[in-house]
Amino acid sequence: MQLSDQHPFVAHATKDSHLIRAFVGHRPAITPVWFMRQAGRSLPEYRALREGSSMLDACLDPALVSEITLQPVRRHGVDAAIFFSDIVVPLMLAGIDVRIVAGRGPVFSQPVRAGADIARVTAIDPQTVTERGGPIIEAVRRTTEMLAAESVTRGTPLPLIGFAGAPFTLAAYLVEGGPSKDHLAARRLIHEDPAGWDALTQWLADISGRFLALQIEAGASAAQLFDSWAGSLSPRLYRQAALPASARALAHVRQIEPPADSGMLRVPLSHFGVGTGDLLADIASLDLDVVGIDHRIDLDEALERVGREVTVQGNLDPAMLFAPAEVRAAEVSRIIAAGKVARAHVFNLGHGVPPETDPDVLTDLVTMVHDAR
């Protein structure tokens, strides 16, 4: 599929934005910055807007999604919006019974722990995500129109980044039935039933891949695959049990061509994993434009593992948001200096924004990054 010239790449000039230029390997005049979980509980306006609505209901309300997605763009002056969603939304669209329990996270009524369970869920056609994705399409459309208006005010294009969970992380939630500290049940299934695990993660790759493609086709200008739990795997097990499914998920977006007159070669893709320092070389072997680095490894060491021909993203320790301003400033300077070795660098945290963060600290951080040279 080739996107039309009505896509924000052309219609809203997002191909010329600081973020997209950095994603594809150029060095814009400023270091672009955005934050994982920049929209959400750290913002009082978010808490006020979400009052009385459940997380999953909010994720399927286009008006609510678009407003939440724009809140940090307006407040902090970041260079991109990340689509407000949850990694379990595509599973819900596929018909999996899931709810988000306050203080715990996603909980599944029927965990997937045996061959019959795997057969039950993989019998669902992944196309269901696309067929039921109307609210997502509308939310992306609204969001990109709002970003276009904000771009006029800011005097620079503002792209939307699409969002999805990686197959391993989704599988870990499904098998455990909810959050887990060690993901023992998921790792056990990998060894007990490798064929069943493969069937499950390949199915999840199609679920996530279609969810990402849906967002790109509706107007997102890039996509990021999040693998929250990949760090629980050894490099050997990651290559065996997670990497092939992540590649399959990303391939859904790789089938989408940018508008013919955009001058772009492909839609930019990013991948971020938590605790994946030992996996970075394997992650960089995926067909990616950007590799996200978490805070558990220094950026210069990460670059030795991923190579210089990829854009790196990261990696301020979120704890630095609570440090003295001068300590935070020194760390920002160190990270930006390290990022100059890569072909391009997008500043971000090494994980998501903690809910206790003072929003003014994030706003000041954006200014600090933009002013750095």
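Up top is the structure.
Everything numeric here is computed off the predicted structure, so don't read it as measured data.

Novice: Could you clarify how one ought to interpret the pattern of salt bridges in this entry?
Specialist: Side-chain pairs of opposite charge can arise whenever the charged atoms involved come near each other. Taken as a whole and assessed by the stated rule, the structure comprises 18 salt bridges. A salt bridge links glutamate 67 to arginine 74; the nearest nitrogen and oxygen atoms lie 2.9 Å apart. The class of glutamate 67 is partly exposed, set by a relative accessible area of 25%. With its nearest N and O atoms 3.2 Å apart, the salt bridge here joins arginine 142 to glutamate 138. Of this pair, arginine 142 and glutamate 138 both sit in helix 9 (residues 134-154), four residues apart, which is roughly one turn of that helix. The exposure class of arginine 142 is partly exposed, given its relative accessible area of 35%. For glutamate 138, a relative accessible area of 26% puts it in the partly exposed group. What you see here is one network of salt bridges that share partners, running through Arg254, Arg266, Asp287 and Asp289.

Novice: For this particular structure, what's the right way to read the side chain of asparagine 348?
Specialist: Here asparagine 348 shows up in the loop between strand 9 (345-346) and helix 18 (359-371). Asparagine 348 sits in the buried class, given a relative accessible area of 0%. A distance of 3.0 Å separates a polar atom in the side chain of asparagine 348 from the backbone oxygen of tryptophan 34. Once residues within four sequence positions are removed from consideration, asparagine 348 is found in contact with Trp34, Phe35, Met36, Gln313, Gly314, Asn315 and Leu316.

Novice: Please clarify how the environment of arginine 373 should be interpreted in this entry.
Specialist: Within the secondary structure layout, arginine 373 lies in the segment after helix 18. Using a relative accessible area of 67% as the deciding quantity, one classes arginine 373 as exposed. Discounting residues that sit within four places of it in the chain, arginine 373 has contacts with Ala29, Ile30 and Lys340.

Novice: Is there a simple way to think about helix 14 (residues 243-254) in this case?
Specialist: Each turn of an α-helix holds 3.6 residues, which means side chains three or four residues apart point in the same direction. Taking 1.5 Å per residue as the helical rise, helix 14 with its twelve residues ought to reach 16 Å, and the 16 Å between its terminal C-alpha atoms agrees with that figure. Listing the buried residues of helix 14 in full gives Leu243, Ala245, Ser246, Ala249, Leu250, His252 and Val253. Check the buried side of helix 14 and you find it contacts helix 10 (167-176), helix 12 (194-218), strand 5 (222-227), helix 13 (235-241), strand 6 (269-273) and helix 15 (280-284).

Novice: What exactly am I supposed to notice about the layout of surface pockets here?
Specialist: In this approach a probe as big as a water molecule rolls over the atoms, and the regions it shows empty are the leftover space. Considered as a void within the structure, the largest pocket measures approximately 1,300 Å³ in volume. Considering the residues around the largest pocket, the lining is formed by 44 residues, among which Arg37, Arg41, Met55, Ser85 and Asp86 are closest to the centre. Counting residues per element, the ones that place at least two in the lining of the largest pocket are helix 3 (44-50), helix 4 (55-59), strand 2 (98-101), strand 3 (105-108) and strand 5. Residues that form the lining of the largest pocket fall into these classes: 25 nonpolar, eleven polar and eight charged. Around the second largest pocket, the lining comprises 16 residues; the ones closest to its centre are Val24, His26, Met264, Leu265 and Arg266.

Novice: It is not clear to me how the nonpolar core should be interpreted in this structure. Could you clarify?
Specialist: Nonpolar side chains in soluble globular proteins tend to end up buried together. Residues Trp34 and Leu200 are the most contacted members of the largest nonpolar core, which totals 128 residues. Ranked by residue count, the leading element in this core is helix 12, at eleven residues.

Novice: Where do I start with the packing of aromatic side chains in this structure?
Specialist: Each aromatic ring pair is specified by the distance between its two centres and by the angle formed by the two planes. Going through the model one piece at a time under the given rule, you end up with five aromatic pairs. Summarising the aromatic geometry, the rings of tyrosine 173 and tryptophan 229 are spaced 6.0 Å apart at their centres and angled 65° between planes, so their arrangement reads as edge-to-face. One end of the pair, tyrosine 173, is in helix 10; the other, tryptophan 229, is in the loop between strand 5 and helix 13, with 56 residues separating them in the sequence. When its relative accessible area of 10% is taken as the criterion, tyrosine 173 is described as buried. On the basis of relative accessibility, which here comes to 26%, the residue tryptophan 229 falls in the partly exposed class. Put simply, the rings of Phe163, Phe226 and Phe272 pair up and form one aromatic cluster.

Novice: When you look at the pairing of strand 6 in this model, what are you seeing that I'm missing?
Specialist: Sheet faces and side chains relate simply in a regular strand, where the side chains alternate between the two faces. Most of strand 6 sits out of view: five of its five residues are buried. Side chains Leu269, His271 and Gly273 project from strand 6 onto one buried face, and the interleaved Ser270 and Phe272 project onto a second face that is buried too. Where strand 5 meets strand 6, five bridges bridge the pair, whose relative direction is parallel. Directly across from alanine 223, in strand 6, lies its bridge partner leucine 269.

Novice: Before we go on, may I ask you to explain the side chain of threonine 156 in this structure?
Specialist: Note on placement: threonine 156 falls in the loop between helix 9 and strand 4 (160-165). Not counting residues within four places of it along the chain, the set of residues in contact with threonine 156 comprises His18 and Ser151.

Novice: Explain the environment of aspartate 287 here, please?
Specialist: As for its placement among the helices and strands, aspartate 287 is situated in the loop between helix 15 and strand 7 (290-292). With residues near it in sequence (within four places) discarded, aspartate 287 still touches Arg254, Arg266 and Leu269. Side chain to side chain, aspartate 287 and arginine 266 meet in a polar contact 2.6 Å long.

Novice: Is there a simple way to explain the pairing of strand 2 in this structure?
Specialist: Sheet topology places strand 2 next to strand 3; four bridges connect them, and they run antiparallel. Counterpart to arginine 99 in the pairing with strand 3 is valine 107. Counting the residues between successive antiparallel strands, the hairpin from strand 2 to strand 3 contains three residues, one of them, glycine 103, with a positive phi of roughly 80°.

Novice: Got a minute to help me understand helix 18 in this structure?
Specialist: The end-to-end C-alpha separation of helix 18 is 19 Å, in line with the 18 Å expected for 13 residues at 1.5 Å each. Buried residues belonging to helix 18 abut helix 3, helix 5 (62-76) and helix 17 (325-339). Between the side-chain oxygen at the start of helix 18 and the backbone nitrogen of aspartate 360 there is a gap of 3.0 Å, and the oxygen is on aspartate 358.

Reading the values: the criteria
Residues numbered from 1 in each chain as written. Predicted model: local features only at pLDDT ≥ 70, side-chain atom pairs only at ≥ 80, totals over all residues. Heavy atoms only, no water. Salt bridge = Lys/Arg side-chain N within 4 Å of Asp/Glu carboxyl O. Buried < 20%, exposed > 50% of the residue type's maximum accessible area, 1.4 Å probe, protein only. Helix = DSSP H or I, 4+ residues; strand = E, 2+ residues; numbered from the N terminus. Polar contact = N/O pair within 3.5 Å; in protein donor to acceptor, adjacent residues only side chain to side chain. Contact = heavy atoms within 4.5 Å. Expected span 1.5 Å × (residues − 1). 1 Å grid on protein atoms, 1.4 Å probe; cavity = no way out; pocket = protein on both sides within 12 Å on 5 of 7 lines; lining within 4 Å. Points joined across faces, edges and corners; volume = space filled by probe spheres on them. Nonpolar A, V, L, I, M, F, W, Y, C, P; charged D, E, K, R; others polar. Core = buried A, V, L, I, M, F, W, Y, C linked by side-chain atoms within 4.5 Å. Phe/Tyr/Trp six-rings, centres within 6.5 Å; stacked < 30°, edge-to-face > 60°. Pairing = 2+ DSSP bridges.

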